[in-house]
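Structural description and commentary
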Amino acid sequence: MARRIMLLACAGILALLMSACGKSQEAVKHQVSGSSIAASESSVSKSLSDVLSEAEPEVPQDTGEIAGAVEQAPEETDSQQPEQSVVQPEDTQQPETSQTSARGTVSYADCQEIYLDSSWQYADHSAIHSGCAVMYKASENRNGIVVGVNAGHGTSGGSSVKTLCHPDGSAKTTGGSTAAGATKATAVSGGMTFSDGTSESSVTLRMAQILRDKLLAAGYDVLMVRDGSDVQLDNVARTVICNNVADCHISLHWDGDGLNYDKGSFYISVPDGIKGMEPVASHWTQHNALGASLVDGLRAQGCKINGGGSMSIDLTRTSYSTIPSVDMELGNACSNHSDETLNTQAEGLLRGINAYYGR
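Computed from a predicted structure; not experimentally measured.

What to know about the overall build of the protein chain
Of the regular secondary structure elements, the protein chain holds eight helices and ten strands. Taking the contacts inside the protein chain whose residues are at least 6 apart along the sequence as the reference set, 81% of them involve residues at least 24 apart. Surface accessibility of the protein chain: about 18,100 Å² in total, with carbon and sulfur atoms responsible for 50%.

What follows is the structure in structure tokens.
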């Protein structure tokens, strides 16, 4: 009997050890069940049976907690898995973005009048801005490029009003129609008079009209900054409108140098003194590149070019321009300004514009 009691005790100890090692409930129950069978075949005393009956329920309680923990683990995994499959695509989804240029956000109709918008950058620097520019759209083969054509001068009362030479209020670095060192310049000068008595403003307008027609025929849209004999837009307003509506800005002039011979065409390049000032710093290379391309086009057309084709002057228009912008001087008071000559020059300017835009 003592031997059987020892066997039963060993079996109970073994069951407890197996439970502590993480064995399954079924294994433990099997061991205890086998021990119970052995106990029923013996004549063990009632006291020993009572001890075994108290020890037997403790075994499944321990193994039940372990089994429960094992059963709960896959439940948590199963419940988390679908959440990951839903959230993950949201985390990796890329937001849609669209990029449009400032000019591209507004569509203008053919022959639409365009006024200075007070919200545009530098608009508050303008003193004369009750007038408007006019948009002309090509009827066919449109290339999506808007050329701002600015017939110089032609603003009644413009010579009696002043505007800041530079947006930051700094002094002018070179001479010209306004002396170096000045912080304010004439809003719009009256222009010179040709040797035959013709006003510069009338010739620049005629030149603008001829160039406009050639540009439209080539597929360009044209912003006519001055579309008549007079427009109430000062140089700042003209520049700001072009900044926001056109892709480039070409201002047409003839030089009032006082010479008694035709010296030929040239463009006004950006002087070193303002290349570090914004917005010039960000755009002066574009200004000079456009001017050089226009001179090359005029030269290729057989037009007379003055010297190297450029002269550095600190201009109000350049100081406020945020698009490729240039002042083209197409001669002086002694230059021929017949329609035939203007047509030839317009062809040269068109060649230069085409070259600049790689067309």
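Topic: the pairing of strand β2 (residues 132–136)
Counting buried residues along β2, five of its five residues qualify, which places the element largely inside the surrounding structure. Here β2 shows a buried face lined by Cys 132, Val 134 and Tyr 136 and a second buried face lined by Ala 133 and Met 135. Bridge analysis of strand β1 (residues 113–115) against β2 gives three bridges, and the strand direction is antiparallel. Looking across to β2, one finds that Tyr 115 is bridged to Cys 132. Of the pairings in the sheet, the one linking β2 to strand β6 (residues 221–224) comprises three bridges and is antiparallel in character. Bridge pairing in β6 links Met 135 to Leu 223.

Section: the nonpolar core
In terms of nonpolar packing, the biggest core is built from 40 residues, with Val 147, Val 149, Leu 215, Ile 250, Met 328 and Leu 349 touching the most fellow members. At eight residues, helix α4 (residues 200–217) tops the list of elements feeding residues into this core. Beyond its immediate stretch of four places on either side in the chain, Leu 215 contacts Val 147, Val 149, Tyr 220, Val 222, Leu 350 and Ile 353.

Considerations on the environment of Ile 305
Summarising the element assignment, Ile 305 is placed in strand β9 (residues 305–312). Remark: the alpha-carbon pair of Ile 305 and Asp 262, spanning 43 residues in sequence, is separated by 10.0 Å. Beyond its immediate stretch of four places on either side in the chain, Ile 305 contacts Lys 263, Gly 264, Ser 265, Val 295, Leu 298 and Arg 299.

As for the packing of aromatic side chains
This model, assessed by the stated rule, comprises three aromatic pairs. A ring pair is formed by Phe 194 and Trp 254, whose centres lie 5.9 Å apart and whose planes are at 65°; its orientation type is edge-to-face. Highlighted residues: Phe 194 in the loop between β5 (184–186) and α4 and Trp 254 in strand β7 (residues 248–255), separated in sequence by 60 residues. In this structure, Phe 194 and Trp 254 share a single accessibility class: buried. Where Tyr 356 meets Tyr 357, the ring centres are 5.1 Å apart and the plane angle is 90°; that geometry is what we call edge-to-face. Take Tyr 357: its relative accessible area is 25%, and that puts it in the partly exposed class. Taking NZ or CZ as reference, Arg 212 lies 4.9 Å from the ring centre of Tyr 136, over its face. Directly above the ring of Trp 284 sits Lys 275, whose terminal nitrogen or CZ lies 3.9 Å from the centroid.

Considering the sheet that holds strand β3 (residues 146–151)
The pairing of strands in a sheet comes from backbone hydrogen bonds and takes either a parallel or an antiparallel form. Reading across the sheet, the eight strands line up as β1-β2-β6-β3-β7-β10-β8-β9 and stay open at both edges, with mixed pairing between neighbours. The sheet is open, and its two borders are formed by β1 and β9, each paired with just one other strand. Averaged over all neighbouring strand pairs, the angle between strand axes comes to 25°, with direction disregarded. Relative to β7, α4 is tilted by about 140°, and along the sheet it contacts β2, β3, β6, β7 and β10 (325–332).

With respect to helix α5 (residues 235–245)
Think of an α-helix as turning once every 3.6 residues; residues three or four places apart then point the same way. In terms of residue burial, α5 counts as a mostly covered element, since ten of its eleven residues are buried. Where α5 is concerned, the buried positions are Val 236, Ala 237, Arg 238, Thr 239, Val 240, Ile 241, Cys 242, Asn 243, Asn 244 and Val 245.

Description of the pattern of salt bridges
The full count for this structure, using the stated rule, is nine salt bridges. For the salt bridge of Asp 213 with Arg 212, the shortest nitrogen-to-oxygen distance reads 3.1 Å. We classify Arg 212 as buried; its relative accessible area is 14%. Two residues, Lys 275 and Asp 272, come together in a salt bridge whose shortest N-O distance is 2.9 Å. A single network of salt bridges, built from pairs that share partners, joins Arg 212, Asp 213 and Asp 227.

Quick look at the layout of surface pockets
A probe as big as a water molecule, rolled over the atoms, marks out the empty space that is left. Taken as a whole, the largest pocket spans an internal volume of roughly 650 Å³. Contributing to the lining of the largest pocket are 33 residues, with Ser 177, Ser 189, His 253, Leu 315 and Asp 327 lying nearest its centre. Ranked by residue count, the leading element in the lining of the largest pocket is β7, at five residues.

So, how was this worked out
- Residues numbered from 1 in each chain as written.
- Predicted model: local features only at pLDDT ≥ 70, side-chain atom pairs only at ≥ 80, totals over all residues.
- Heavy atoms only, no water.
- Helix = DSSP H or I, 4+ residues; strand = E, 2+ residues; numbered from the N terminus.
- Contact = heavy atoms within 4.5 Å.
- Areas by Shrake-Rupley, 256 points an atom, 1.4 Å probe, with all protein chains shown as cover.
- Buried < 20%, exposed > 50% of the residue type's maximum accessible area, 1.4 Å probe, protein only.
- Pairing = 2+ DSSP bridges.
- Core = buried A, V, L, I, M, F, W, Y, C linked by side-chain atoms within 4.5 Å.
- Phe/Tyr/Trp six-rings, centres within 6.5 Å; stacked < 30°, edge-to-face > 60°.
- Lys NZ or Arg CZ within 6 Å of the ring centre and 35° of its normal.
- Axes fitted to C-alpha atoms, helices over the stretch in contact; angles between N-to-C directions.
- Salt bridge = Lys/Arg side-chain N within 4 Å of Asp/Glu carboxyl O.
- 1 Å grid on protein atoms, 1.4 Å probe; cavity = no way out; pocket = protein on both sides within 12 Å on 5 of 7 lines; lining within 4 Å.
- Points joined across faces, edges and corners; volume = space filled by probe spheres on them.

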